[in-house]
Amino acid sequence: MAATDQFTARAGRTSAAGALGGLAGAMPLRLRLQANWRVRVVMVRLLGAAMILGSIGLWLVQGAGADPEMNLIRIGVSVAFLLAGLVLMTAHQPAGSPEACFDPVRRELRLLKRDAQGRPRTVLRRSYGSLGGVRLTASSVQMYEGDGSLLIELPIGSAAMRSQLRDQLSGAVRILT
């Protein structure tokens, strides 16, 4: 899984935000989780192109056109390859990848997934106080339950994202080393 799209801009501090210690002006840190769909889409499209070329290549074979029954089979196979290749070439990557939102104002972790209409739906909501601990590694953040079992592991894309997450979680969740 790869994490993409982070939104961590801090808004300008107003007098109300300054009174709350700057927490009200903080934007949530969002991590979008998705499998390596780019590689999968490229592989499926290459397979689709190969099937289309194979449907054409069936007619380029020398000496196979003398038998009428064989021509009927070749027509059926080439049409099947052509249709399957077109379906594979036009396949779209899925848009419903889950998103993890670390909210500094509400002090909670939310996992959001978009439904068929594109609206986000909360799949998991946990307050920072209910988490047992957090371990930040070079490539991921691991969140643990109070009993020490692993709740969720999320990939982190960069050192800047890791440091922003550490700043947001410090003081709210026990950070494990």
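The text that follows walks through the structure, step by step, so that each part is easy to find. (Residues numbered from 1 in each chain as written. Predicted model: local features only at pLDDT ≥ 70, side-chain atom pairs only at ≥ 80, totals over all residues. Heavy atoms only, no water.)

**Some words on unusual backbone geometry**
Look at Arg107: it is not a glycine, yet its phi comes out positive at around 55°. With respect to the element layout, Arg107 can be found in the loop between strand 3 (99-103) and strand 4 (108-114). (Helix = DSSP H or I, 4+ residues; strand = E, 2+ residues; numbered from the N terminus.)

**Focus: the nonpolar core**
The tendency in soluble globular proteins is for nonpolar side chains to be buried side by side. Membership of the largest hydrophobic core comes to 18 residues, with the highest contact counts inside it found for Phe102, Tyr128, Met143 and Leu169. Looking at this core, the elements that each hand over two or more residues are strand 3, strand 4, strand 6 (133-136), strand 7 (140-144), strand 8 (150-155) and helix 4 (159-169). Looking at which element gives the most residues to this core, the answer is helix 4, with three residues. (Core = buried A, V, L, I, M, F, W, Y, C linked by side-chain atoms within 4.5 Å. Buried < 20%, exposed > 50% of the residue type's maximum accessible area, 1.4 Å probe, protein only.)

**Things to note about the pairing of strand 5 (residues 120-127)**
Here is the key point about a regular strand: its side chains alternate between the two faces of the sheet. For strand 4 and strand 5, the ladder comprises seven bridges, and the chain directions are antiparallel. Bridging across to strand 5, Glu108 finds its partner in Ser127. Here strand 4 folds back onto strand 5, and the loop between the two strands holds five residues, one of which, Gly118, carries a positive phi near 90°. (Pairing = 2+ DSSP bridges.)

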